[in-house]
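Coordinate analysis (summary)
Now for the letters of each chain:
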Amino acid sequence: MPLIRIIVNMICFLASFEGYSQYQLGMRLENNSGMYGITINPNQNLFTANKWEIHLGSAGFFLSNNYIFFKETNLSRLIRNSETLRLVDQKLSDKDNVVEVGYSDNSSSRFLQARAFISGPAIAYQITKNQTLGFFFQARSGLSASNIPNEFSYNKITSRKHFEPFKASPFNGAFMNLMEYGVNYAVKKEDFYKNSLSFGLNLKYLRGYEMLFANSLLTYDHAVIGTNDFSMDRPKMAFGYSSDESIFGQAHGNGGAIDIGISYVKNGKNNDIDYKIGFSLIDLGFVQFNRDITSYGFVTDSTLRVFGKDYENLVASDGIDGVTNLFINNSLAQKGDLSKSNSQRIILPFSMSMQFDYKLKKSIYINALIVQPVTLSDISMHGIHIIALTPRFEERWYSFSLPVSIVEKNQLKLEWRLAWAF
């Protein structure tokens, strides 16, 4: 009975600086992925051959953006020199700790996506041949910023003439740390020919820890008025943050979420399939932050000016409170309608997903996956758009896969993954 699934992950090609594919594409969609696969489709646990399954743990990290990149370097070099790393606009030295930074220069709006997780333990039990019940735990961290106007890109903003305004369309960003405690239930109905229709559900209780968000809600005129100075003409914005500076130190809120999935399997005999089609809703829920947090909203009919010299004396210990107080006192002052609240709801990165798994021949499969984010609120984490094609060789005790994916519609990634169980 395979109790522990071990993953060896090697990034072979990166079109951006990344270390983790959000859904561990090749691994979560195998026939025996079990509890490791329920974050893609909650009924995935039905297709394992085991009466019991124990998932001891897994971890991952993902970072993707279309704004900044590092030239002529790699992840191991960055980690090796993390304490003495120097990032420069132009290469001034060939030393190992000096890395040149490049900036994208195209017409696309800018985005930033980062995810990290530590999951486990998780356990599942096959109640009957066609029913499973499981319990899982996960610590999650997420950062997303989307629709950032291209005019804010480094090359454009630094070369723009002073006092020359441009339209800044609405943009948003959010960060959140949370703990997730969940229960999984899945059931399937088979016909005489071993074709089946499956349903799965994850119910999740959430504990929210650190959070931060900032949104620009209307298009406004933005202008550079000095080297470190800018103006905003009649903006409408909202922002908020938690007061605790430690990571996962104090819970600031609670929430809940559900994942729902259905699948149709053709000829599911002897823990194998001819093909499988699935659809799922992922992370439909929210965290309500209401302890030691501050949320602001403001709208003004005049022009706000921000001067860099006002912030020169800030130190790290001043934190976000220090920046906020200076902005309110020096820039906003009496020029707008400022609202303040001690409660804020942040929506999870809700997404819809479709999966298709097809057996080419014995032990050889190919899988197609689409993950489409859905925005439910201006104040939310945004999901990651993924299209992936994954050929794999799979036996009960081990597997090898080659995921090829397109992340956020423009970043190609090729990986290989090896897993085995004992």
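These remarks concern the structure in this document. (Residues numbered from 1 in each chain as written. Predicted model: local features only at pLDDT ≥ 70, side-chain atom pairs only at ≥ 80, totals over all residues. Heavy atoms only, no water.)

**Quick look at the nonpolar core**
Convention followed: Definition of nonpolar core: a set of buried residues of the types Ala, Val, Leu, Ile, Met, Phe, Trp, Tyr and Cys, connected through side-chain atoms within 4.5 Å. Partly exposed describes any residue whose relative accessible area lies between the buried limit of under 20% and the exposed limit of over 50%, with all areas from a 1.4 Å probe on protein chains only and scaled to the type maximum. Only DSSP runs of H or I reaching four residues or more are called helices, and only runs of E reaching two or more are called strands; each is numbered from the N terminus.
Within the largest apolar cluster, 18 residues are counted, with the highest numbers of intra-cluster contacts made by Y220, M232, F298, L304 and F327. When contributions to this core are tallied by element, the ones reaching two or more residues are β10 (166-168), β13 (220-226), β15 (236-242), β18 (293-300), β19 (303-307) and α4 (319-332). Among the nonpolar cores identified, the runner-up in size contains 15 residues, and A257, V287, I293 and L348 belong to it.

**Quick notes on the packing of aromatic side chains**
Here is the rule we go by: Each Phe, Tyr or Trp ring, with Trp reduced to its six-membered ring, pairs with another whose centre is within 6.5 Å; inter-plane angles below 30 degrees give stacked pairs, above 60 give edge-to-face pairs, and intermediate values give tilted ones. For a Lys NZ or an Arg CZ to count as sitting over a ring, it must be within 6 Å of the ring centre and within 35 degrees of the ring normal.
Taken as a whole, this structure holds 13 aromatic pairs when the rule is applied. Their ring planes at 15 degrees and their centres at 6.3 Å tell us that F356 and Y358 sit as a pair that is stacked. With relative accessibility at 34%, the residue F356 sits in the partly exposed group. Taking NZ or CZ as reference, K276 lies 4.1 Å from the ring centre of F47, over its face. Of note, R345 hangs over the ring of F286, and the distance from its end group to the ring centre comes to 3.9 Å.

**Comments concerning the sheet that holds strand β5 (residues 86-88)**
Sheet strands associate in pairs through backbone hydrogen bonding, adopting either a parallel or an antiparallel arrangement. As a reminder, the rule being used: The pairing criterion is simple: DSSP has to find at least two bridges between the two strands. For helices, the fitted line uses only the C-alpha atoms of the stretch in contact; every axis is such a line through C-alpha atoms, and the angle between N-to-C directions lies from 0 to 180 degrees.
Spatial ordering of the open sheet is given by β4-β6-β5, a layout of three strands whose pairing is mixed. Of all the strands in the sheet, just β4 (68-70) and β5 have a single pairing partner and so form its edges. When strand polarity is set aside, the average angle formed by the axes of neighbouring strands in this sheet is 35 degrees. Sheet topology places β4 next to strand β6 (residues 98-103); three bridges connect them, and they run antiparallel. In the strand pairing of β6, I68 is matched with Y103.

**Some words on the sheet that holds β10**
The cut-off we apply is this: When checking whether two residues touch, look at their non-hydrogen atoms; a contact exists if any pair is within 4.5 Å.
If you walk across this open sheet you meet the four strands as β10-β13-β14-β19, and the pairing is antiparallel. At either margin of the open sheet sits one strand with a lone partner, and together these are β10 and β19. Each strand of the sheet is rotated relative to its neighbour by a mean of 30 degrees, with strand direction disregarded. Bridging between strand β14 (residues 229-233) and β19 involves five bridges; their strand directions are antiparallel. Each bridged residue has a counterpart across the sheet, and for S231 the counterpart in β19 is R305. Where α4 meets the sheet, its contacts fall on β14 and β19, and the angle it forms with β19 comes to roughly 125 degrees.

**Description of α4**
To be explicit about the condition: By this rule the span expected of a helix is its residue count minus one, scaled by 1.5 Å.
Helix length check: α4 (14 residues) gives 19 Å between terminal C-alpha atoms against 20 Å at 1.5 Å per residue, within 8%. Those residues of α4 lying buried are G322, T324, F327, I328, S331 and L332. Looking one or two places after α4, you find A333, whose phi comes out positive at around 45 degrees.

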